[in-house]
Amino acid sequence: MSRITVNLPQNSYDIAIGEAGGQSSIASGNLSQLGLEMQQLNLGKKVLVISNPEIFNYYGDICVKSLEQAGFEVFTHLIPAGETYKHLGSIQQVYDTALNHHLERSSTFVALGGGVIGDMTGFAAATWLRGVNFVQVPTSLLAMVDASVGGKTGVNHPKGKNLIGAFYQPKLVLINPNVLKTLPVREFRAGMAEVIKYGIIWDKDLFEQLIAAEDLSCLEIIAPQLLETIITRSCQAKAEVVSKDEKESGLRAILNYGHTIGHAIESLTNYEQLVHGEAVAIGMVAAGKIAVKMGLWKADEGKLQDDLITKTGLPTAIPPQVTIEDILETVKSDKKVKAGKVRFILPTQIGNVIITDQVTPEIISQALKGN
Ligand code: GLY
C-alpha cells in the first residue's frame, strides 16, 4: 500500500492506495484494512457508512466487517444512485439516521461510493452536530483521483450544481484500485479525463506515461502498474495543489482546467447527454485551441493532448446542437467568474498552465470555429 499525505495547516490526512491487479482479490485488498486504518485515527466508536444500494451490494459487507472487527459499532444509510438524489432532501434523511442511532461529535461518516456519495457524505459530516469525522472510500476513478481528495463537499440547488456546500476535509481517503472492475466503461473514461488534466496542468511525466500507453480506453487493457501510477500520481498532483491553496484563493483554480467550457456544455445539454468527464474532455480540447490561438501554447502539444483524449475513448467535439454563441453566453454565468471576468486556465506547456481573464469572446469564437 502506498501513502500520500495531504499537508494542510490544520487537519492533514493520508490517502492510502492499495495494489492494483495481481493475485490480490478485492477481499484481500485494503478494503479489509478500513477498520484498522480508522482505529489508528482514534475516532469514536460509532460509524455511519453511507453508500448507494449497488455499491453497497458489492463492497458493503467487507467494509462493515472490517470496521466491526476493529471494534466499531456500524450503522448504514443508503441513498439511491445518481445525481438526481444529490439534494438537501437526501441530506435530511442522513441526519434522521444519524439522530436515530445517536451519532455523536466523535462519530464518523464513511462515504463508500463515487463522487455523488462522497460529496453528500462530506456535506452531511460537515454540518451534523457542527462537524463529525469523515472518511472517503471512493469507488469510481473520478472520485479516487479528484472528488475524494481536497475537501470540496456539497449538494445541488434546483438552479445549479454544487451551489450549496462546504470545504470539509476527510480524516482518511482509502483507495482500492481493484474496485474499478465493477465501474462501467463510460465512467472509467470520464475519470481518465481528470487524469489527463493532471498531466497537462501539473505532471509532465504522468502525461508522457499516458502518451506511451497503446490504449487507455478501458480498465482491462491497462497494466496494473500503469493503473497504480495513474491513481497515485493524480492523487499526488491534487494533494500538492490543495496543500498550497486549500480554499481556492488562487492556485487551486488550475484544477478547473477544461471546466469553463466543459461546464457550459454540460449545462447547455441539460446534464443529460454527457457525463462530467466527457464535458471536461471537450472543454480541455477547447481550452487548448484558445491557448494555441493566443500564442501561449505550441500547436503540436495541443495535438498531443487531443490525441490522448481520443485514445482514451473520450469525445473531443462540441455537440452539434450547442452553438458557440450559446457557449459564450453560458460561460459568463459560470460559478468561477470573478469580478465579472471569465477566468480561463490555459496551458503554456505540458505540465504548466496559467490562470487568465484576458480571453475575449472574439478569441473564443475564432479558436472554436478554427479561424
Ligand atoms: N475538482 C476541483 C477541485 O477539487 O478543486
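Criteria and thresholds
Residues numbered from 1 in each chain as written. Predicted model: local features only at pLDDT ≥ 70, side-chain atom pairs only at ≥ 80, totals over all residues. Heavy atoms only, no water. Helix = DSSP H or I, 4+ residues; strand = E, 2+ residues; numbered from the N terminus. Expected span 1.5 Å × (residues − 1). Contact = heavy atoms within 4.5 Å. Near = heavy atom within 4 Å. Polar contact = N/O pair within 3.5 Å; in protein donor to acceptor, adjacent residues only side chain to side chain. Areas by Shrake-Rupley, 256 points an atom, 1.4 Å probe, with all protein chains shown as cover. Nonpolar A, V, L, I, M, F, W, Y, C, P; charged D, E, K, R; others polar. Buried < 20%, exposed > 50% of the residue type's maximum accessible area, 1.4 Å probe, protein only. Arc of directions from axis to C-beta. Axes fitted to C-alpha atoms, helices over the stretch in contact; angles between N-to-C directions. Parallel < 35°, antiparallel > 145°, perpendicular 65-115°, else oblique. Left-handed = near helix turned anticlockwise from the far one by under 90°. Pairing = 2+ DSSP bridges. Right-handed = clockwise from strand over helix to strand, strands pointing away. Core = buried A, V, L, I, M, F, W, Y, C linked by side-chain atoms within 4.5 Å. Phe/Tyr/Trp six-rings, centres within 6.5 Å; stacked < 30°, edge-to-face > 60°. Lys NZ or Arg CZ within 6 Å of the ring centre and 35° of its normal. Lys, Arg positive; Asp, Glu negative; His and termini not counted. Salt bridge = Lys/Arg side-chain N within 4 Å of Asp/Glu carboxyl O.

Turning our attention to helix 3 (residues 88-100). Between its first and last C-alpha atoms helix 3 spans 18 Å; for 13 residues at 1.5 Å apiece the expected length is 18 Å, and the two agree. Contact partners of the buried residues in helix 3: strand 3 (46-51), strand 4 (73-78), strand 5 (108-113), helix 4 (115-127) and strand 7 (152-157).

Turning next to the site of the ligand. Around the ligand, the structure places Asp146, Lys152, Lys238, Glu248, Arg252 and Leu255. Between the ligand and Arg252, the relevant distance is 2.8 Å, taken from an oxygen atom to a side-chain nitrogen or oxygen of the residue. Taken by itself the ligand offers 200 Å² of open surface, and the protein chains cover 89% of this. Considering only residue class, the shell around the ligand consists of 1 nonpolar, no polar and 5 charged.

Moving on to helix 11 (residues 299-311). The first and last C-alpha atoms of helix 11 sit 18 Å apart over 13 residues, in line with the 18 Å expected at 1.5 Å per residue. Here helix 11 has its buried residues at Glu301, Gly302, Gln305, Asp306, Leu308 and Ile309. Across the axial projection of helix 11, the buried residues extend over an arc of 155°, all falling on one side. In helix 11, the exposed residues that point more than 90 degrees away from the buried face are Ala299, Asp300 and Lys303. In the core, the buried residues of helix 11 are packed alongside helix 6 (185-201), helix 7 (204-212), helix 10 (276-293) and strand 10 (344-349). Count one or two residues on from helix 11 and you reach Gly313, which has phi positive near 80°.

The next thing to look at is the packing of helix 12 (residues 324-331) against helix 13 (residues 361-369). Running from amino to carboxyl end, helix 12 crosses helix 13 at an angle of 140°, the nearest separation of the two axes being 10 Å. In terms of axis orientation, helix 12 runs oblique to helix 13. Our pair here, helix 12 against helix 13, has a crossing hand that is right-handed. Contact residues: helix 12 offers Ile324, Glu325, Ile327 and Leu328, while helix 13 offers Pro361, Ile364, Ser365, Leu368 and Lys369. Taken together, the residues of the contact of helix 12 with helix 13 break down into 6 nonpolar, 1 polar and 2 charged.

Mapped onto the secondary structure, Glu19 falls in the loop between strand 2 (13-17) and helix 1 (34-39). Expressed as a C-alpha distance, the spacing of Glu19 and Gln225, which sit 206 residues apart in the sequence, is 8.6 Å.

Further remarks concern the pairing of strand 3. Taking burial as the measure, the 6 residues of strand 3 include 6 buried ones, the bulk of the element. With burial as the criterion, each face of strand 3 is covered, one bearing Lys46, Leu48 and Ile50 and the other bearing Val47, Val49 and Ser51. Where strand 3 meets strand 4, 6 bridges bridge the pair, whose relative direction is parallel. In the strand pairing of strand 4, Leu48 is matched with Phe75. Handedness of the β-α-β unit built from strand 3, helix 2 (residues 53-69) and strand 4 comes out right-handed. In the sheet, strand 3 pairs with strand 5 via 5 bridges, with the strands oriented parallel. Across the sheet, residue Val49 finds its bridge partner in strand 5, namely Val110.

A few words now on the pairing of strand 7. As judged from the 5 bridges shared by strand 7 and strand 8 (residues 160-167), these two strands associate in the antiparallel manner. In the strand pairing of strand 8, Thr153 is matched with Ala166. Hairpin connection from strand 7 to strand 8: 2 residues lie between these consecutive antiparallel strands.

Bringing the environment of Gln39 into the picture now. Following the sequence through the fold, Gln39 ends up in helix 1. When its relative accessible area of 39% is taken as the criterion, Gln39 is described as partly exposed. Distance in space between the C-alpha atoms of Gln39 and Tyr13 is 14 Å, their sequence separation being 26 residues. Not counting residues up to four positions away in its chain, the partners in contact with Gln39 are Ala70 and Phe72.

Considering soluble globular proteins, one finds that nonpolar side chains tend to be buried as a cluster. Ranked by internal contacts, the top residues of the largest apolar core, which has 101 residues, are Met38 and Ile261. For this core, the element with the most residues is helix 10, which contributes 10 residues. With residues up to four places along the chain from it excluded, the contact list for Met38 reads Leu43, Val47, Leu67, Phe72, Thr108, Val110, Val135 and Leu172. With 20 residues, the next largest nonpolar core counts Phe109, Met120, Phe123 and Phe134 among its residues.

As a further point, take the packing of aromatic side chains. Evaluated as defined, the whole model comprises 3 aromatic pairs. Here Lys197 stacks its cationic end above the ring of Tyr198, 4.9 Å away from the centre of that ring.

What follows covers unusual backbone geometry. Unusually for a residue other than glycine, Asn162 sits at a positive phi of about 55°. Among the structural elements, Asn162 can be located in strand 8. Of note, the phi angle at Tyr271 is positive, near 55°, even though the residue is not glycine. The residue Tyr271 is located in the loop between helix 9 (259-268) and helix 10 in this model.

Counting through the fold element by element, Asp245 comes out in the loop between helix 8 (224-244) and helix 9. The buried charged residue Asp245 lacks any salt bridge, with Arg252 as its nearest oppositely charged partner at 6.7 Å. A distance of 3.3 Å separates the side chain of Asp245 from the backbone nitrogen of Glu248, its partner in a polar contact. Of note is the side chain of Asp245, whose polar atom sits 2.8 Å from the backbone nitrogen of Ser249.

These values are about where atoms sit, not about what they do.
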